Amino acid sequence: MAAKQEGVGRAWIRALKTEPLERLYILYGEESYRRRTAVSMIRQRLVPDTGFDWDSVELRGRGVTVDAIAEAISTPPLQAERKLVLVREFDPIKNDISELAAELPADVCLIFDMEDPAWKPDKRTKVYKSIAKYGFFAEFAIASPDELGGFIKRCFQDRGHTIDQPEIEYLTFLCTHLMDGLLGEIEKISAYAENRRITREDIDAVASRKVEAKVFELCDELAAGHTGRALLLLSDLETAREPAVAVTAVIARQFRQLYAARLAIQAGRDRAYVMQLTGQRFPYHATRLMDSARRMPLPLLREALTACMEADAELKSSRAADYDTVRMLIMRYAAAAKEVRA
């Protein structure tokens, strides 16, 4: 009997080793590392590596059709108990596999691995409801802070290091919440670190900062009145060839979060409330946000948001001069800050 759709995590993946497997899985979500792990575990269980791959078929690309999938599942397994059919770059909802799902033989395990992180099924549709009767929609969302912290600790331990919670939160703040991206950073940091315990200095030395972290630091410098340092950080983003429109959007989002945090602070709300309000996943991130917000009066933040909207409109017009427009945004903020604080 097929299970209902639900978000899945480490416990669900571990259960794939022993629990009865479904005939149909639709795997999707942002956490691609866990999604690939689930596929690998199902493959290893159904078709162990014996040097032959008679009972495993992979279909990918524009040439994939419902008929092609039906043909792949029509032939029985030769040696394994069940045949594994893995399909990528094919939308089971748009292409309506509901009839196929209803007729899956017991000796087949059909997996749709949705590699586009933005793909999500519309659960209101008739097609989704039909497929869900026979298949398991498994969403691999970004791991919770506790799960992500455990993952980071285990990865460093595997490489002969330990890491404390403050450094875990700092690493996710600078880099990413996604396991794939974190793995690459952990490899670099582990190779660089000379001592067993990972320090913030180790992270700063080799970790690649995501755009959001650079913009956070840029806004931090603006909050402290360091316009020159903010412009240097902007130059780093320009050198890295980050699109000016995208950078402006991140700056606007950061100012919106600062504005929300400032309102919460003035209302006497605590860090937990700010985390919920702004979507921060770790206390460290919320603490830094609140520290910056305390140094930015509400009228200044309103002016910043207005400036961001105007810069965004200009960048999306033919009049825009890309990073010159973003630099003018920063200078406009600096001038407004000087007036507010005069």
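Description of the structure in this document. (Residues numbered from 1 in each chain as written. Predicted model: local features only at pLDDT ≥ 70, side-chain atom pairs only at ≥ 80, totals over all residues. Heavy atoms only, no water.)

**So, the overall build of the protein chain**
Filter applied, for reference: In this text, helices come from DSSP runs of H or I with a minimum length of four residues, and strands from runs of E with a minimum of two, each type numbered from the N-terminal end. Think of it in three bands: with a 1.4 Å probe and only protein chains considered, a residue is buried below 20% of the maximum accessible area for its type, exposed above 50%, and partly exposed in between. Whether two residues are in contact is decided by their heavy atoms: any pair within 4.5 Å suffices. The Shrake-Rupley method, run with a 1.4 Å probe, gives the accessible areas here. Residue values count only the displayed protein chains as cover.
Helices and strands together make up the secondary structure of the protein chain, namely 16 helices and 6 strands. C-alpha extents for the protein chain along the principal axes are approximately 80 × 50 × 40 Å. When the 342 residues of the protein chain are sorted by exposure, 48% land in the buried category. In the protein chain, once contacts between residues fewer than 6 apart in sequence are set aside, the share between residues at least 24 apart is 76%. When the accessible surface of the protein chain is split by element, carbon and sulfur atoms take 50% of a total near 17,600 Å².

**Side note on the environment of E169**
Along the chain, the position of E169 falls in helix α7 (residues 165-174). For the pair E169 and R281, spaced 112 residues apart in sequence, the C-alpha separation works out to 9.1 Å.

**Side note on the pairing of strand β4 (residues 83-88)**
To be explicit about the condition: Strands qualify as paired when DSSP identifies two bridges or more between them. A crossover gets the label right-handed when its path from the first strand over the helix to the second runs clockwise, viewed with the strands pointing away from the viewer.
For β4, the buried fraction is high: 6 of the 6 residues fall into the buried class. Of the two faces of β4, the one holding K83, V85 and V87 and the one holding L84, L86 and R88 are both buried throughout. In this sheet, β4 lies alongside strand β3 (residues 56-60) in parallel orientation, the contact comprising 5 bridges. Note on β4: the bridge partner recorded for L59 is V87. This β-α-β element, β3 to helix α3 (residues 66-74) to β4, shows right-handed connectivity. Strand direction decides the pairing type here: β4 and strand β5 (residues 108-113), joined by 6 bridges, are parallel. By the bridge assignment for β5, V87 is matched with F112.

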